[in-house]
Amino acid sequence: MVRRLAGLIVGVVIAIGTWPAGVATAGTCPVPLPQGSEPVTLVPADFVDTIDNPYWPMAPGTEWVYRESDTKGNAQRVKVTVTDRTRDISGVQATVVHDKVTERGELIENTFDWYAQDVCGNVWYMGENTKEYEDGQVVTTAGSWEHGVDGAFAGVVVPSDPQVGMTYRQEYYAGEAEDAAEILSIDEQAQVPFGHFNDVLLTKDFTALHPRILEYKLYAPGIGPVLVFGVSGGSDREELLSFDLPTA
């Protein structure tokens, strides 16, 4: 899932035209980011194998561990791992990221997210397969979706060139996943158990499904998300405890 709320319109065939063949140039980047429920057509040739956007690099083997807590003292452990697997989504080879949530050692949620980066450097969210558990049993798979299936469309989680005021869709599956974001700042600071960070990207994350829910999310260069906290509709806080890069 897009932690936590929960087309580059590359080769968009809707009113924009098509890209010239070959690698994108300064004339083709950036391109409009997806908004609302507008459809996008993603061209596999316009995606790259490596996700190296500085605000959320995803080399296989990278691991983040977060603590998610609320005002009542409840805490969950969130472990996010970039696998070495890919999933073919409309011809795009998306990186599979495993997201596991536990509370006192008990599995609460098990999710596989799918991400891909385009030639401009935008990181696309292509879908997720999520399961929530109670007493070791799956109780719901609500929120699962995949680009191109049942009217669902991919969105962008991190733009290639973030600018204050920029807005974009993160995911769209009507009635299930309609998250969006707005960039508030690109020069913030953040302090979490893992450390202190400068030049942090700050986004405001929201969803049309629950208008009163609003979260702020902070991304540190070279690391990815380091802090998420609710400012309306809840006061949960998710902060980075550890970060490990893949070994050579």
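Residues numbered from 1 in each chain as written. Predicted model: local features only at pLDDT ≥ 70, side-chain atom pairs only at ≥ 80, totals over all residues. Heavy atoms only, no water.

Draft legend 1. Spatial organisation of the side chain of Thr62. Along the chain, Thr62 falls in the loop between strand 1 (47-48) and strand 2 (63-69). Here Ala59 takes part through its backbone oxygen, which lies 2.7 Å from a polar atom of the side chain of Thr62. If near-sequence neighbours (up to four positions away) are discounted, Thr62 is found in contact with Val80, Thr81, Val82, Phe243, Asp244, Leu245 and Pro246. (Helix = DSSP H or I, 4+ residues; strand = E, 2+ residues; numbered from the N terminus. Polar contact = N/O pair within 3.5 Å; in protein donor to acceptor, adjacent residues only side chain to side chain. Contact = heavy atoms within 4.5 Å.)

Draft legend 2. Spotlight on the pairing of strand 5 (residues 106-118). Most of strand 5 is tucked away: 10 of the 13 residues are buried. The pairing of strand 4 (residues 92-103) with strand 5 spans 9 bridges and is classified as antiparallel. Bridged to Val96 within strand 5 is Trp114. Connecting strand 4 to the next strand, strand 5, in antiparallel fashion are 2 residues, including Arg104 with a positive phi near 55 degrees. (Buried < 20%, exposed > 50% of the residue type's maximum accessible area, 1.4 Å probe, protein only. Pairing = 2+ DSSP bridges.)

Draft legend 3. How the structure looks around unusual backbone geometry. The residue Ser90 is not glycine, and still its phi comes out positive at about 55 degrees. On the secondary structure map, Ser90 appears in the loop between strand 3 (75-89) and strand 4. Residues other than glycine seldom take positive phi values, yet Arg104 does so here, at roughly 55 degrees. Of note, Arg104 is situated in the loop between strand 4 and strand 5.

Draft legend 4. A look at the pairing of strand 3. Of the strand pairs in this sheet, strand 2 and strand 3 are connected by 7 bridges, and their pairing is antiparallel. Across the sheet, Arg67 pairs through a bridge with Arg77, a residue of strand 3. Hairpin connection of strand 2 to strand 3: 5 residues between the antiparallel strands, including Gly73 at a positive phi of 90 degrees. As judged from the 10 bridges shared by strand 3 and strand 4, these two strands associate in the antiparallel manner. Bridging from a neighbouring strand, Arg87 pairs with Ala94 of strand 4.

Draft legend 5. Structural detail: the side chain of Asp113. Mapped onto the elements of the fold, Asp113 is located in strand 5. For Asp113, a relative accessible area of 2% translates into the label buried. Only 2.8 Å separates the side chain of Asp113 from the side chain of Tyr125, close enough to count as a polar contact.

Draft legend 6. Main features of the environment of Ser37. With respect to the secondary-structure elements, Ser37 resides in the segment before strand 1. For Ser37, a relative accessible area of 41% puts it in the partly exposed group. Distance from Ser37 to Glu178, taken between C-alpha atoms, is 8.3 Å for residues 141 residues apart in sequence. Ignoring anything within four residues of it in the chain, the contact list for Ser37 reads Phe153, Arg169 and Tyr172.

Draft legend 7. Layout of a negative patch on the surface. A cluster of acidic residues, Glu106, Glu132, Glu134 and Asp135, forms a negative patch on the protein surface. Along the chain, the position of Glu106 falls in strand 5. (Patch = residues over 30% accessible without salt bridge, like charges linked within 9 Å, V, L, I, M, F, W, Y side chains within 5 Å. Areas by Shrake-Rupley, 256 points an atom, 1.4 Å probe, with all protein chains shown as cover. Salt bridge = Lys/Arg side-chain N within 4 Å of Asp/Glu carboxyl O. Lys, Arg positive; Asp, Glu negative; His and termini not counted. Charge placed at Lys NZ, Arg CZ, Asp CG, Glu CD.)

Draft legend 8. Seen up close, the pattern of salt bridges. All chains considered together, the criterion is met by 7 salt bridges. Glu63 serves as the salt-bridge partner of Lys79, at 3.5 Å between the closest nitrogen and oxygen. Taken together, the residues span a long stretch of sequence, with Lys79 in strand 3 and Glu63 in strand 2 at a distance of 16 residues. The partly exposed category is assigned to Lys79, whose relative accessible area is 30%. With its nearest N and O atoms 3.2 Å apart, the salt bridge here joins Glu182 to Lys204. Separated by 22 residues along the polypeptide, Glu182 in strand 12 (residues 179-192) and Lys204 in strand 13 (residues 195-207) bring together distant segments of the chain.

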